[in-house]
Amino acid sequence: MKGSKAALAELLLPVAPEMERMRAILSAQILESSPAVSDMTDHVARFQGKQLRGALVLLTGEATGNTTDEHAAVAAIVELIHLATLVHDDILDGAEVRRRVACVNQRWDNQIAVLLGDFLYARAFALSTQLSSRLCSRLLADTTRTLCVGEIEQSTRRFDFEMSLADYEKIAGQKTASLYSAACELGARYPGGNQELGARMAEAGRCLGLAFQIVDDCLDLTAREEELGKTVGTDVEDGKVTLPVLHAYRASGEHARAAIRDAYTQPDVPDRRAALFAVCDVSAGVAEAEARARALVDSALEILATLPPSDASRSMEGLFQFVLSRNQ
Ligand code: FPP
Ligand code: MG
């Protein structure tokens, strides 16, 4: 079987030249004359990830026949915002490794990571003001507000084992699916375009982004750091009650529920993730969460099927499946 990197590169072939343009724009945006800052931006450039959100701008543009000369810049802006959110997120999570490289808060410190995240975010908006349409700035300003609200809500719901599944999805929708949704909407309608088509693709992106976050939450419980390339078990360490844990908690009796709460909260538990596995059926919770992710991807695929068949739409289909099968 092909490595997931090669499989992804093959899926992105219909937009390969535009992906290269997006990467060139991104690199140019993070150039800075300050040696200290350029040391840091070189570092984050090394943790270039899958760039799924940028790819979605480009693929959705192609699949809807809406590609413009500015789509590569829109994709770069989406990726810059994503990068800024990850730099900040790693501070919040106290994470150490991201994409097999030390997190900024680890390599330097939290203060630097706050400032570097702000720098990347500022670069994204500076670039968006150079575009011919304000749609990108407007939509992404709104998206950034939404993802901050999601992060704040998530923080206030730590250790909330009674959280409803709908509330979990609302938060995951805000913090993660919002940027996927915006990427697909911008691809389909930037610089203005067909609002109905934009709304349809935004919904496909929302379903995909939610599935991505659910898979992410499962991997945080099941993966090893060497495979995933980032710190694992941070959700349990930080008190985040994710979908697989909610399912495992709901399926447990009173005694096991108390033990789950203890695994999250008792002082001096050396490995909270391992403690959780020891007291409940985490795998059954993961299986239920994965089934929900599958259903969400099916909904996204149904929307995709309303587009005329093309190489780009077939690639998007593969990308949607990739989100479910990824192990990093
Ligand atoms: C990853 O979640 C985090 C996000 C999807 C969003 C984080 C957003 C912020 C911290 C707000 C930043 C705002 C600005 C303006 C830059 P996760 O922790 O579940 O995923 P992970 O496993 O990849 O860390
Ligand atoms: Mg995180």
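Everything quoted here is computed from the prediction, not taken from an experiment.

Novice: Would you take a moment to explain empty space enclosed by the protein for this structure?
Specialist: Remark: the empty space left among the atoms is shown by a probe the size of a water molecule rolled over them. This structure, assessed with the given rule, holds one cavity of 30 Å³ or more. The space that makes up the largest cavity amounts to roughly 140 Å³. Forming the boundary of the largest cavity are 15 residues, of which Gln154, Met163, Tyr168, Ile171 and Val241 lie nearest the centre. Put simply, the parts of the chain that give the lining of the largest cavity at least two residues each are helix 9 (165-189) and helix 10 (195-222).

Novice: How should I be thinking about the coordination of the magnesium ion (ligand 2) in this particular structure?
Specialist: Six octahedral donors around a metal ideally sit at 90 or 180 degrees from one another, while four tetrahedral donors ideally sit at 109.5 degrees. Around the magnesium ion (ligand 2), the protein contributes the donor atoms Asp89 (OD) and Asp93 (OD), at 1.8 to 2.0 Å from the metal centre. One end of the pair, Asp89, and the other, Asp93, are both in helix 5 (residues 71-93), four residues apart, so they sit about a helical turn from each other.

Novice: Explain the environment of His82 to me, please; I cannot follow it from the model alone.
Specialist: Topologically, His82 is positioned in helix 5. Its relative accessible area of 6% is what places His82 among the buried residues. Along the chain, His82 and Thr176 lie 94 residues apart, while their C-alpha atoms are 9.6 Å from each other. Apart from the residues within four sequence positions on either side, His82 is in contact with Arg53, Arg99 and Leu179. Side chain to side chain, His82 and Arg53 meet in a polar contact 3.1 Å long.

Novice: Is there a simple way to think about the nonpolar core in this case?
Specialist: Across soluble globular proteins, you tend to see nonpolar side chains buried next to one another. Counting 103 residues, the largest nonpolar core has Leu56, Leu140, Leu186, Met201, Leu276 and Phe320 as the members making the most contacts within it. No other element matches the 13 residues that helix 10 contributes to this core.

Novice: Would you take a moment to explain helix 4 (residues 52-63) for this structure?
Specialist: Because an α-helix packs 3.6 residues into every turn, residues spaced three or four apart end up facing the same way. The end-to-end C-alpha distance of helix 4, which contains twelve residues, comes to 15 Å, matching closely the 16 Å that a straight helix rising 1.5 Å per residue would cover. Of all twelve residues in helix 4, eleven are buried; the element is thus mostly enclosed. Along helix 4, the residues that are buried comprise Leu52, Arg53, Gly54, Ala55, Leu56, Val57, Leu58, Leu59, Thr60, Gly61 and Ala63. Considering only its buried residues, helix 4 is in contact with helix 1 (4-11), helix 2 (16-29), helix 5, helix 9, helix 10 and helix 17 (311-325). Two residues or fewer past helix 4, Gly65 is found with a positive phi of approximately 70 degrees.

Novice: Which parts of the structure should I look at to understand the site of ligand 1?
Specialist: Lining the immediate surroundings of ligand 1 are 18 residues, of which Asp89, Asp93, Arg98, Lys175 and Lys230 lie closest. Within the contact set of ligand 1, an oxygen atom lies 2.9 Å away from a side-chain nitrogen or oxygen of Asp93. A distance of 2.7 Å is found between an oxygen atom of ligand 1 and a side-chain nitrogen or oxygen belonging to Lys175. In the complex, 89% of the free accessible area of ligand 1, which totals 640 Å², lies under the protein chains. Secondary structure elements with two or more residues in the shell around ligand 1: helix 5, helix 8 (135-156), helix 9 and helix 10. Element by element, the count of residues in the shell around ligand 1 is highest for helix 5, at six residues. Across the shell around ligand 1, the residue classes break down as five nonpolar, five polar and eight charged.

Novice: Can you walk me through the side chain of Ser315 in this structure?
Specialist: Structurally, Ser315 can be placed in helix 17. Reaching out from Ser315, the side chain makes a polar contact with the backbone oxygen of Leu11 at a distance of 2.5 Å. Excluding its chain neighbours within four sequence positions, the residues that come into contact with Ser315 are Leu11, Pro14 and Leu59.

Reading guide: rules and limits
Numbers given to residues run from 1 along each chain, matching the order in which its sequence is written. By the order in which they are written, chains take letters starting at A while ligands take numbers starting at 1. Totals for whole chains, interfaces and linings use all residues, but because this is a predicted model, local features are given only for residues with pLDDT of at least 70 and pairs of side-chain atoms are given and counted only at 80 or more. To get the side-chain values, all heavy atoms of the structure are used, and hydrogens and water are removed first. In the cavity and pocket records, a cavity denotes points on a 1 Å grid over the protein atoms alone where a 1.4 Å probe fits but cannot get out, a pocket denotes an open set with protein on both sides within 12 Å along at least 5 of 7 lines, and lining residues are residues with an atom within 4 Å of a point. Grid points are joined across faces, edges and corners, and a volume is the space filled by probe spheres set on the points. Helix and strand labels come from DSSP, where a helix needs a run of H or I of at least four residues and a strand needs a run of E of at least two; each type is numbered from the N terminus. In this description, a donor is an N, O or S atom within 2.8 Å of the metal centre, a cutoff extended to 3.2 Å for sodium, potassium and calcium. Water is not part of the atom list, which can make sites seem incomplete. Whether a residue is buried, partly exposed or exposed follows from its accessible area with a 1.4 Å probe, protein chains only, as a fraction of its type maximum: under 20%, in between, or over 50%, in that order. Whether two residues are in contact is decided by their heavy atoms: any pair within 4.5 Å suffices. Nitrogen and oxygen atoms within 3.5 Å of one another constitute a polar contact, given that in protein one can donate a hydrogen and the other can accept it, and given that sequence-neighbouring residues count only through two side-chain atoms. We define the nonpolar core as a collection of buried residues of types Ala, Val, Leu, Ile, Met, Phe, Trp, Tyr and Cys that are connected through side-chain atoms lying within 4.5 Å of one another. The span expected for a helix works out to 1.5 Å for each residue beyond the first. Note on definitions. A residue lies near a molecule or strand when any single heavy atom of the residue is within 4 Å of it. Residue exposure ignores everything except the shown protein chains as possible cover, and the areas themselves are Shrake-Rupley values with a 1.4 Å probe. Three categories are distinguished: nonpolar for Ala, Val, Leu, Ile, Met, Phe, Trp, Tyr, Cys and Pro, charged for Asp, Glu, Lys and Arg, and polar for the others, with Gly belonging to the last.

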